[in-house]
Amino acid sequence: RVLFRSSQMVAALNLARLEALRRGGGVAVQRLEDASCPRPDSVQDWSCGWVVFADRDGDGLFNPGTRSGRATSATPDQLIQVFRVADGTSVMRSLNLRSFGVNRWGQLGGVNLGFTFTPPNNRLDSTFQVCSATGGRIRKLPTTVACSAS
């Protein structure tokens, strides 16, 4: 499960980069925040999943434009893809931010993005991390290797 979830993050990051290149920027990735999953205590906790979207209003947060049938944003964001985690895998981001942008060159926002994927049984030999340098190189590594060294 952990290997699959970490591969989903790699796919999401690559999708976000591709869409940003195609659209000339304005793409973001945010932790999933909806009623189907209780909100985590920390913005570093991405264990519910994540969403890739076209950030049309430029605020870095997913705004679908409607809430309870009422318009909430003059420029609604466009959903590209949702990645849900419903198997108990813990997903923690290395930085205390709930989203990050991808610019028109496909560069991921934030220095040395890192996510750690831990199985429900907390076995360290089954724990992986997904790391990305600002330039966009994405790697899946064991937790024995620091993301900053990737």
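Provided above is the structure to which this section pertains.
Here's a quick rundown of the structure. As the structure is a prediction and not an experimental result, all values here were calculated from the model. (Residues numbered from 1 in each chain as written. Predicted model: local features only at pLDDT ≥ 70, side-chain atom pairs only at ≥ 80, totals over all residues. Heavy atoms only, no water.)

## Regarding the packing of aromatic side chains
All told, the structure shown has 6 aromatic pairs when counted by the stated rule. Pairing Trp46 with Phe100 gives two aromatic rings, centres 6.2 Å apart and planes at 25°, and the pair type is stacked. Pair noted here: Trp46 is in the loop between β1 (27–31) and β2 (49–54) and Phe100 is in strand β7 (residues 99–102), with a separation of 54 residues, a long-range link. Given a relative accessible area of 0%, Trp46 falls into the buried group. Phe100 gets classed as buried once you look at its relative accessible area, which sits at 5%. Taken together, the aromatic side chains of Trp46, Phe100 and Phe115 make up a single cluster linked through ring pairs. (Phe/Tyr/Trp six-rings, centres within 6.5 Å; stacked < 30°, edge-to-face > 60°. Helix = DSSP H or I, 4+ residues; strand = E, 2+ residues; numbered from the N terminus. Buried < 20%, exposed > 50% of the residue type's maximum accessible area, 1.4 Å probe, protein only.)

## Let's talk about the pattern of salt bridges
Here the structure, examined in full by the defined rule, presents 5 salt bridges. The closest approach of N and O atoms between Glu19 and Arg22, which form a salt bridge, is 2.7 Å. One end of the pair, Glu19, and the other, Arg22, are both in helix α1 (residues 2–23), 3 residues apart, so they sit about a helical turn from each other. Among the residues examined, Glu19 registers a relative accessible area of 10% and is labelled buried. With a relative accessible area of 58%, Arg22 lands in the exposed category. A salt bridge links Glu19 to Arg23; the nearest nitrogen and oxygen atoms lie 2.8 Å apart. Linking Glu19 with Arg23, this pair stays in helix α1, spanning 4 residues, or about one helical turn. For Arg23, a relative accessible area of 31% gives the class partly exposed. Connected through shared salt-bridge partners, Glu19, Arg22 and Arg23 make up one network. (Salt bridge = Lys/Arg side-chain N within 4 Å of Asp/Glu carboxyl O.)

## Let's talk about the sheet that holds β7
By way of backbone hydrogen bonds, the strands of a sheet pair with one another, either parallel or antiparallel. Taken together, the 4 strands give an open sheet; going across it, the order is β5-β2-β1-β7, and neighbouring strands pair in antiparallel fashion. The open sheet is flanked by β5 (78–84) and β7, the only strands paired with a single partner. The sheet shows a mean angle of 15° between the axes of neighbouring strands, direction not considered. Pairing of β1 with β7, which is carried by 4 bridges, proceeds in the antiparallel orientation. Looking at β7, one finds that Val27 is bridged to Val102. The strands that α1 touches are β1, β2, β5 and β7; relative to β5, the one it contacts most, it runs at about 170°. (Pairing = 2+ DSSP bridges. Axes fitted to C-alpha atoms, helices over the stretch in contact; angles between N-to-C directions. Contact = heavy atoms within 4.5 Å.)

## Some thoughts on the pairing of β2
Counting buried positions along β2 gives 6 out of 6 residues, so the element sits mostly inside the fold. The two faces of β2 match: Gly49, Val51 and Phe53 on one face and Trp50, Val52 and Ala54 on the other face are all buried. Note that β2 and β5 share 6 bridges and pair antiparallel. In the strand pairing of β5, Val52 is matched with Gln81.

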